[in-house]
Amino acid sequence: MKEHEKVYHLGTGKGYIEYTSGLNTRKSWELFQRAVKVIPGGASSHARCWSYLGVPYPINFVKGKGSKIWDADGNEYIDFCLAMGPLILGHGHPEIMKAVKDQLDRGLTMHAGTDELEVKVAEKIVQMCPHIDMVRFSNTGTEATLYAIRFARAYTGKDKIVLFEGHYHGWHDYVMVSNIGAPALGPPWSPYRIPSTWGIPEDVIKTVIVLPWNDLEVLEKTINRRADEIAAVISEPVMMNVGCIPPKDGYLQEMQKICQQNDIVFILDEVITGFRLAPGGATEYYGLQPDLITYGKALGGGFPVSAIAGKKEIMENVIPGKIFHAGTYDANPIAMAASLATLTVLSANNYEAYKRLNKLAEMLKEGLEEAIEKTRIKAIYQSVGAAGGQLYFTELKEIKDYRDFLKVNQQKYPRYQMELMKRGVYVRPLQASHEFISVAHTEEDIVKHISASIEAIEAIKESL
Ligand SMILES: Cc1ncc(COP(=O)(O)O)c(C=O)c1O
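Because the structure is predicted, anything quoted here is derived from the model rather than measured.

Undergrad: Explain the packing of aromatic side chains residue by residue, including any values.
TA: Evaluated as defined, the whole model comprises 12 aromatic pairs. An angle of 25 degrees between the planes, with centres 6.0 Å apart, marks the rings of Trp50 and Tyr426 as stacked. Within this pair, whereas Trp50 is found in the loop between helix H1 (26-38) and strand S1 (61-65), its partner Tyr426 is found in strand S13 (residues 425-426), the two being separated by 376 residues in sequence. Each of the two residues, Trp50 as well as Tyr426, counts as buried. An angle of 45 degrees between the planes, with centres 4.6 Å apart, marks the rings of Phe61 and Tyr426 as tilted. Of this pair, Phe61 sits in strand S1 while Tyr426 sits in strand S13, and the two are 365 residues apart along the sequence. Taking the relative accessible area as the measure of exposure, Tyr426 reaches 7% and is therefore buried. The rings of Trp50, Phe61, Tyr77 and Tyr426 are connected pair by pair, giving a single aromatic cluster. Of note, Lys63 hangs over the ring of Trp70, and the distance from its end group to the ring centre comes to 4.6 Å. The ring of Tyr174 carries Arg153 above its face, with NZ or CZ at 4.4 Å from the centroid.

Structural data, given as structure tokens:
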């Protein structure tokens, strides 16, 4: 028996579980054994603790180029995870690599003054997103939503925020409520506020009003009753953190209108959709004018950059003596160099990159829908252009909110993921995740994904 065909059990100390039969991932297993001894869960983000998601251990990826990644055992995969969104130009895009190397050669410049790169990125954002007047930079999407909520509270003088059941806006206390694995309790029109982690003070949870998404009537009624308390409504434009759920027609536009009419700041969280769904993100795609927008992920092309952007009347208050915003690494030149290179490539030749992203996304959608039909399994694929998409193993015809999502048997997806890995296609082993496409992907990559999906579904069909 060859080494990679041996199957042992995790925890015996003798060997490794094969990731799936025929795929040798021994080095990943070995690293995981070391990792769990010194890092709780074996990784420094819950999003990467695979052993809690229904697969035995995370894969140790060691190299990426274009649309491909390689693991420590030399297996090659087409990457549809893309570091959970940032790698819109794929792995190691030459323009980003050059910009970062050039910046490094100038020294690790943390001048603690204004940097021209920071101004150039802000100018580029305003050019790509004409609905934006001003921008401040941070490092992560979480920081961006934290600040946007602060800016809104400071601007309106009100405390409460409305957020939607199942939406994810990062890990800070104000938004870790009724999402990421929290059960959906209470009547659908008035969900209970469930903390999504240990450690959130009761008083913080009381500042949040949780509503069902895609339900205009409930939103209208709540705002009509409680407008004097509500500083902001924060929403993902496409509900990406339970796969991919599009907004109902006109829903976001109405949300914006009700906010405007009631002195409530409308915050659109474009951490995933920003610079991905269109040059001006979901804001452009849906024809919106949010008061504040948060960006992250694709904005940095793989480097830690986030932004809080929006209308002048709010943003001009983000100055010393008024609303506080700071951070040692905010707008650090390495990340800004990567960001400028990313945005420059994305906007080249009249935004040609988006035509490509949309074409590939459409091809994937059609292919996976055909795969579902051909294999006759109970599943659906939901997507919104280049924002991303997800295949759900469900009998439902549509997933339109968090409660629908919780009806999906989420145990099935990790099995599908493992079969895809075996066939050289990498997606995250999580039904709540989604598939991303980069500019580096090719039509051939998509064709391979579709045929791998058909085979993967056939392999697990009996147990579905
Ligand atoms: C919509 C949305 N907002 C905010 C965040 C938080 O971003 P980060 O992980 O960079 O803190 C995420 C992360 O996935 C997200 O999907």
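Undergrad: Describe the environment of Gly310, with residues and values.
TA: One can find Gly310 in strand S10 (residues 306-310). By relative accessible area, Gly310 is classed as buried at 1%. C-alpha separation for the pair Gly310 and Ile293, spaced 17 residues apart in sequence, amounts to 5.9 Å. Excluding its chain neighbours within four sequence positions, the residues that come into contact with Gly310 are Ile132, Asp133, Met134, Asp291, Leu292 and Met315.

Undergrad: Explain the site of the ligand to me, and be specific about the residues and the numbers.
TA: Surrounding the ligand, one finds Thr140, Gly141, Thr142, Tyr168, His169, Gly170, Glu236, Asn241, Asp269, Val271, Ile272 and Lys297. One of the side-chain N or O atoms of Asn241 is found 3.0 Å from an oxygen atom in the ligand. Taking Asp269, its side chain carries an N or O atom lying 2.6 Å from a nitrogen atom of the ligand.

Undergrad: I'd like a description of the sheet that holds strand S6 (residues 208-211), backed by residues and values.
TA: Strand order in the open sheet formed by 7 strands is S4-S10-S9-S8-S7-S5-S6, and the pairing between neighbours is mixed. Edge positions in the sheet fall to strand S4 (134-138) and S6, since each has one partner strand and no second. Going from strand to strand, the sheet's axes swing by 20 degrees on average, the running direction of each strand aside. Here strand S5 (residues 160-164) runs beside strand S7 (residues 230-235); their pairing, made up of 3 bridges, is parallel. The residue of S7 that forms the bridge with Ile161 is Ala232.

Undergrad: Report on a negative patch on the surface, specifying residues and quantitative values.
TA: A cluster of acidic side chains, namely Glu362, Glu366, Glu370 and Glu373, defines a negative patch on the protein surface. The residue Glu370 is located in helix H10 (residues 333-375) in this model.

Undergrad: Now, about the pattern of salt bridges: what can you tell me, with residues and values included?
TA: Evaluated as defined, the whole model comprises 19 salt bridges. Between Lys68 and Asp445 there is a salt bridge, with the nearest N and O atoms lying 3.9 Å from each other. Of the two residues, Lys68 is situated in strand S2 (residues 68-71) and Asp445 in helix H13 (residues 443-460); the sequence distance between them amounts to 377 residues. Overall, the relative accessible area of 21% leaves Lys68 in the partly exposed class.

Undergrad: Could you give an account of helix H7 (residues 251-261), with specific residues and numbers?
TA: Looking at H7, one finds that the buried residues are Tyr251, Leu252, Met255, Gln256, Ile258 and Cys259. Taken around the axis of H7, the buried residues stretch over an arc of 165 degrees, which confines them to a single face. Against S5, helix H6 (216-226), S7 and strand S8 (265-269) lie the buried residues of H7. Just downstream of H7 lies Asp263, where phi reads positive at about 55 degrees.

Undergrad: Account for the sheet that holds strand S3 (residues 76-79), naming residues and giving values.
TA: Taken in spatial order, the 4 strands line up as S1-S2-S3-S13 in an open sheet, and their pairing is mixed. Looking along the sheet, the strands with just one partner apiece sit at the ends: S1 and S13. Here S1 pairs with S2 via 4 bridges, running antiparallel. Bridge assignment links Gly64 to a residue of S2, and that residue is Ile69.

The rules behind these values
Residues numbered from 1 in each chain as written. Predicted model: local features only at pLDDT ≥ 70, side-chain atom pairs only at ≥ 80, totals over all residues. Heavy atoms only, no water. Phe/Tyr/Trp six-rings, centres within 6.5 Å; stacked < 30°, edge-to-face > 60°. Helix = DSSP H or I, 4+ residues; strand = E, 2+ residues; numbered from the N terminus. Buried < 20%, exposed > 50% of the residue type's maximum accessible area, 1.4 Å probe, protein only. Lys NZ or Arg CZ within 6 Å of the ring centre and 35° of its normal. Contact = heavy atoms within 4.5 Å. Near = heavy atom within 4 Å. Polar contact = N/O pair within 3.5 Å; in protein donor to acceptor, adjacent residues only side chain to side chain. Pairing = 2+ DSSP bridges. Axes fitted to C-alpha atoms, helices over the stretch in contact; angles between N-to-C directions. Patch = residues over 30% accessible without salt bridge, like charges linked within 9 Å, V, L, I, M, F, W, Y side chains within 5 Å. Areas by Shrake-Rupley, 256 points an atom, 1.4 Å probe, with all protein chains shown as cover. Salt bridge = Lys/Arg side-chain N within 4 Å of Asp/Glu carboxyl O. Lys, Arg positive; Asp, Glu negative; His and termini not counted. Charge placed at Lys NZ, Arg CZ, Asp CG, Glu CD. Arc of directions from axis to C-beta.

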